[in-house]
Structures are given as C-alpha cells and as structure tokens.
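# Per-entry structural report
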Amino acid sequence: MTTSSIDVSSASAAGLAAPDTEYQAWATARQRRLWRRRLLPALGITGLIVLWWAVIAIFDVKPFIAPSPWAVVETLYAKRAVLLDNLLPTAMEAAGGFLLGNLAAIAIATVFVHNKTLQDIFFPVVLMFNAIPLVAKAPVLVLIMGNGMEPKITIAALVCFFPTLVNMVRGLESVNPQAMELMRVLSASKTEIFFRLRLQNSLPYLFSALRIAASMSVIGAVVGEWVGATVGIGAMILQATFNFDSPLLYAAIVMSATLSGLFFLLVTLAERWIIRWQPEGQH
Amino acid sequence: MAAVMNATPAISCRDIGMRFFTERRDVTAIKSLDLDVAQGEFLTLLGPSGCGKSTFLRVVADLLEPSRGRIEVLSTSPMAARKNRDIGFVFQDAALLPWRTALQNVELPLQVGGGASRKGRRSPKELLELVGLKDKANAWPHELSGGQRQRVSIARALASDPKILLMDEPFGALDEITRDRLNEEIRRVWKETGVTILFVTHSIHEAAFLGQRVLMLAANPGRLREIVPVDMPEDRTLDIRETPEFVRLTAHLRRVLETC
C-alpha cells in the first residue's frame, strides 16, 4: 500500500518536472528484481527437467525403470480421463481431512488456552499420537473404519491436526503483554479478549500452519489410499508400480503434486484476503 | 487550578507495600508508600530502575494487588474505578493492535467491557484530532512513526473519558525531538481535559517540565525519597527549560536522584 502510493507521487512529480533520472533508475532496478524473482525459479524447474531428460537419454534408462519427461506428458494427456477420475476422490479426502483436522485443532487450541489443566493433561497425549508414524496409523484406522473414504479423511485430518494445534496455541498465547494489560484496564471479558485480541493475534500463526497442512492433507489422503483403496491417486501409484508402468506412476505423482500446489495457493489467497494489515513483504 | 483545591483526592494510599517472589529472589518493589494525589493534578514519578514506579501505576490501575496497605482511587477501590472506566493507561510500547487502524484502535475502549455505555465527551475522531492525527485515522499502526503511535495510544486512553490517566514511560523509546514535542502536547491535553495524570519517567527534564509535583522514589527497596513541588507557571513552553529556576530545579532533582 505504502510503496504504491510513493510510486504514484514520485511518478507524477517526475512527469511534471524534468525527467527524474534517479527515480527512473530505481524503477528499472525494481523491474529487473521482479523479473529475476519470477524467472530464476522457472529456470530451476526447466533445468531439472532438461537434466532428467538428459540422464534418461544418455544412460539409456529403460522405460519401466524411469520414463522420459515427454512420456509423462503423453501419458498425462492420453490418460487424462482416468487420472481425473482418480484425482477427484483424493482431492475430496484431502479437502475433507484439511477442514476437519484444522477445525478440530482450532477448537482444541481454544480450549487449551482457556484451561491450562486440560492442556497439561492432554497435550502429552497429542504428542504421543503424533509420534506414531503415519504409515503405522493408517492400517489401524482402515481396520476400524473400513475401506471407504472415512479412514482416508481421518488420516488426512490427523496429519493436519498437529501442526495447526501447536501453531494455534502459540498464536493465541503469544499476545503482547501490554495489550493484555490494556484489555484488563478496559475490563474486557474473556470472550472479548478472545475475539478481539487472541484470535486476531493467532491468524498469522494459523495461516503458516495451514500452508503446511495444505500439502500434508494430500500426503495423508495418498498414504491412506495405499493401505486399501481401489480408486484415488494413492491406489493408482501402487497399481502403476506393480505393473512397472513408470509413465503412469510419474503422471500420478504430477497430479498429486499439482493438487498440493492448488491447496497451497488457495490458502495463500485466503491469507492475503483475510490478513490485510501486515506490513508488505511479511508473508 | 481549582481542581487541585478539591477536597477529596483522586488517589489516596496509606502504607502501600508490594512484594514479589520468584524462585531465586524476593523483591520488595515498594516498601511503604503514603501518597495523596489531588484531582486534576499532574504528578510525575521519577526514580531509578527498580524503584517501583511502574508497579505503583499498576496498583492504581488494579493490574496488581498490593501486598499490604490501603489504596483508594476516586474514593473507592481500584477495581471499582477500573470497572467504572475511570482509568486510562498509556504503556511504554504503544501496544496498538496491529490489525486495527489508528481510528479503530481509539474506538476499542468503547467496544469492550461494556464501554459503549461510557461514551466520552469526545468521539474517537475528535480525540485523534486532539492529538494531531486527524489525517492518519485510516493508517495501520505499522505505517505510523513511534511518536504517532504513542499519540494514538494517548487518544485511546482518553476514549472512555477517564478521570485518571496513568502513563508508564510513554515517551521513553522516542527520539528527543519527538519527545519534546509530545511533552508540550501532553501538557495541552491535560489542560484541555482536566484529567489527573500520573506520569512515570526516567528523564529529569521531562519530570520537571511536565509535573506540578515530582515524586522521587529510591530503589531496592522502592520507597518515597522526596516530593519536589515545581514552582513554574502553568503556561509552559519548552523555553522555560532555559530559565534559572528550571535549571536550579533540575540540578536539585539530579542531586537527589544520585542518592536514590
């Protein structure tokens, strides 16, 4: 906000008087910096793909071990219908788990912040459950919940739950002590302190957890599908591996990565929309 | 000042003591303090670190309960005075809520703790004008300078029209030029509102320039050292700091402070 308003005033000042060479130099340098920031990552990705292609070509890697980038692109196109059919359930499981896990984490963080005793009793339990590896939790849940979507959603929810809980508790607790004293001088109630101070304060912490949860939820759903599923990206990955169909395997990986990226993008957009008060460049 | 003559004091404390315990230490922040602050008075509290001046403000604001002694704020308990919204507090770090604009920060006291019923004589907009920030109403705190932030927090403290304004080293982190300007302004705000001010500071010049009396406290344990009356005209500009009377006064304060 500040930067853009400075831009306008300096630009108009430059327009009125003689051309402001210092401003122009600064603007050019800024443009160049922006382009660099966009181009360099693209260069990295392109380089990686070229390297991949070169390794396959030079060492003559067999297609059932690893496909060439082009074979993956061809598969993505040729099998788009079946890929999308399998992406949909995974996306639903991941999204469902994302919502469920994060809502539960936010609710429990709220309880923890208001009741230290409950926090002291249950936080170690949460820690313990988090220490169990994901691939060990998945079969347990499938045994309990059957072969449908429920265990996958639960697994996705579980992996989202922990980072959000930890961050949310921290965000709700790390309130400026003087702001806390201010609320007390103003005789604010616990509810008012929660909604007007703690919750607002926790939002940046929450969103950094949600960005982690965005990709974690997809991982959770895919791992859930490994244990027992006939549809979904996870099931596809297993089938493709058993069939030595490496182009399909890689295509499935691309699909799940794209899904994670999409979730991440959505969270980032939501953050920009909800937190408007942060200084620029502090995201 | 007519208000100073008012018989019932704004704050009255007898033998106030404050002791803290931590695992390794037993701190007597205030050993014993007797004090009457008149309504409408501008009292500055001066003393080294650990003399209990911030602790005392927090006792008045009902943020801390004294370990012993009796304190009355506006002829009632600190808690009742707080609940009646008679106390405004300005913190060292302006403690603005970063997700609220300047104006929204000033509006906060009217939105919590049943504050809507205690609308001040001045609206939040008028208060921002009073502290010279009319055109910054919609700015975010991070867009304001340190001095501007502290002005907003003063406007916020005045929003519920308190009778007592407690200021805890509010200008301590500011540069000297900004500090001088704000010193003149807080005197103006005091005169325009008639509020009783307790102002904690580390600066001898600030204490002498602002106060009608300077309360000097000694540290370890915190106790009253001396109350120095300031015999200066009420219409003060920063120029008075060059007068011989002012120089004498600050020299005296410095000598006393060295023994604190």
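Fair warning: this is a prediction, and the values are worked out from it, not measured in the lab.

### Some remarks on the overall build of chain A
Helices and strands together make up the secondary structure of chain A, namely 11 helices and zero strands. For chain A, the N- to C-terminal ordering of α and β elements is α-α-α-α-α-α-α-α-α-α-α. What you see for chain A is a C-alpha radius of gyration of 25 Å, clearly larger than the 19 Å of a compact globule of 283 residues, by over 25%. Along the three orthogonal principal directions, the C-alpha set of chain A runs to about 65 × 65 × 30 Å. A burial count over chain A gives 31% of its 283 residues as buried.

### Some details on the packing of helix 7 (residues 150-173) of chain A against helix 9 (residues 190-227) of chain A
All names here are of chain A. For the pair helix 7 and helix 9, interaxial distance at closest approach is 7 Å and the crossing angle is 160 degrees. On the basis of the axis angle, helix 7 is roughly antiparallel to helix 9. For the crossing formed where helix 7 meets helix 9, the hand is right-handed.

### What to know about the environment of A:Asn86
Residue and element names in this part refer to chain A. Structurally, Asn 86 can be placed in helix 4 (residues 80-114). Residue class for Asn 86 comes out buried when judged on the 25 C-beta atoms lying within 10 Å of it. Taking the C-alpha atoms as reference points, Asn 86 and Ile 56, separated by 30 residues in sequence, lie 28 Å from one another. The residues contacting Asn 86, other than those within four sequence positions of it, are Val 231, Gly 232, Ile 233, Ala 235 and Met 236.

### Some details on the interface of chain A and chain B
Taken together, the contact between chain A and chain B spans 18 residues of the former and 19 residues of the latter. Secondary structure elements with two or more residues in the side of chain A that touches chain B: helix 8 (177-185) and helix 9 of chain A. The element contributing the most residues to the side of chain A that touches chain B is helix 8 of chain A, with seven residues.

### Observations regarding the environment of B:Met18
Residues and elements named next belong to chain B. By the element assignment, Met 18 lies in strand 1 (residues 11-21). On the neighbour-count criterion, Met 18 (24 C-beta atoms within 10 Å) is buried. Separated by 38 residues in sequence, Met 18 and Phe 56 have C-alpha atoms that sit 8.6 Å apart. Those residues in contact with Met 18, other than ones at most four positions away along the chain, are Ala 29, Ile 30, Gly 52, Thr 55, Val 59, Leu 64, Pro 66 and Ser 67.

### A short note on the domain arrangement of chain A
Its domain assignment divides chain A into domain 1 (2-58) and domain 2 (69-274). With centres defined by C-alpha atoms, the gap from domain 1 of chain A to domain 2 of chain A works out at 34 Å.

### Topic: unusual backbone geometry
The omega torsion across B:Asn220 and B:Pro221 is -5 degrees, close enough to zero to call that bond cis. The residue A:Asp60 is not glycine, and still its phi comes out positive at about 55 degrees. On the basis of neighbour count, A:Asp60 is assigned to the exposed category, with 6 C-beta atoms found within 10 Å. The phi dihedral of B:Arg85 falls on the positive side, at around 60 degrees, and the residue is not glycine. Its place among the elements puts B:Arg85 in the loop between helix 3 (78-83) and strand 5 (87-90).

### Here we look at the nonpolar core
By size, the foremost hydrophobic cluster in this structure holds 83 residues, and its most contacted members are B:Leu166 and B:Leu198. If near-sequence neighbours (up to four positions away) are discounted, B:Leu198 is found in contact with B:Val37, B:Leu43, B:Leu45, B:Leu57, B:Val60, B:Leu166 and B:Met167.

### With respect to helix 11 (residues 246-274) of chain A
Between the first and last C-alpha of helix 11 of chain A there are 42 Å, a value that for 29 residues agrees with the 42 Å anticipated at 1.5 Å per step. When helix 11 of chain A is considered as a whole, its buried residues turn out to be A:Ser246, A:Pro247, A:Leu248, A:Leu249, A:Tyr250, A:Ala251, A:Ala252, A:Met255, A:Ser256, A:Leu259, A:Phe263 and A:Val267.

### What about the confidence of the model for chain A?
For chain A, the mean per-residue pLDDT works out to 89, and 92% of the residues sit at or above 70. Predicted confidence is poor over residues 1-15 of chain A, with pLDDT under 50, and the contacts of this stretch with residues over four places away or in other chains come to eight contacts.

### Here's the deal with the confidence of the model for chain B
The predicted coordinates should not be examined in detail at positions where pLDDT is low. Put simply, chain B has an average pLDDT of 90, and 96% of its residues get 70 or more. Interface confidence for the predicted complex, given as ipTM, is 0.90, next to a pTM of 0.83.

### Considerations on helix 7 of chain A
Over its 24 residues, helix 7 of chain A runs 33 Å from end to end, which matches the ideal 34 Å to within 8%, given 1.5 Å per residue. Counting buried residues along helix 7 of chain A, 20 of its 24 residues qualify, which places the element largely inside the surrounding structure.

### Here we look at the packing of helix 6 (residues 134-145) of chain A against helix 9 of chain A
All names here are of chain A. Between helix 6 and helix 9, whose axes approach to 9 Å, the crossing angle comes to 55 degrees. On the basis of the axis angle, helix 6 is oblique to helix 9. Note that helix 6 runs across helix 9; the crossing there is right-handed. Side by side, helix 6 and helix 9 meet where Leu 134, Val 135, Ala 138, Pro 139 and Val 142 of the first sit next to Gly 220, Val 223, Gly 224 and Val 227 of the second.

### Points about the pairing of strand 6 (residues 164-168) of chain B
Regular strands place their side chains on alternate faces of the sheet. All names here are of chain B. Among the five residues that make up strand 6, five are buried, leaving the element largely enclosed by the rest of the structure. Residues of strand 6 alternate between two faces, with Ile 164, Leu 166 and Asp 168 on one and Leu 165 and Met 167 on the opposite face, all of them buried. With four bridges connecting them, strand 5 and strand 6 associate as parallel partners. Residue pairing in the sheet places Ile 87 in a bridge with Ile 164 of strand 6. In this fold, strand 6 hands off to helix 7 (residues 176-193), which returns the chain to strand 7 (residues 196-201); that crossover is right-handed.

Rules and cut-offs
- Residues numbered from 1 in each chain as written.
- Chains lettered and ligands numbered in written order.
- Predicted model: local features only at pLDDT ≥ 70, side-chain atom pairs only at ≥ 80, totals over all residues.
- Helix = DSSP H or I, 4+ residues; strand = E, 2+ residues; numbered from the N terminus.
- Rg over C-alpha atoms; globule rule 2.2 N^0.38 Å.
- Buried ≥ 20, exposed ≤ 12 C-beta atoms within 10 Å, placed from the backbone.
- Axes fitted to C-alpha atoms, helices over the stretch in contact; angles between N-to-C directions.
- Parallel < 35°, antiparallel > 145°, perpendicular 65-115°, else oblique.
- Left-handed = near helix turned anticlockwise from the far one by under 90°.
- Contact = placed C-beta atoms within 7 Å.
- Domains from an automatic or database assignment.
- Core = buried A, V, L, I, M, F, W, Y, C linked by C-beta atoms within 7 Å.
- Expected span 1.5 Å × (residues − 1).
- pLDDT = per-residue confidence, 0-100.
- Pairing = 2+ DSSP bridges.
- Right-handed = clockwise from strand over helix to strand, strands pointing away.

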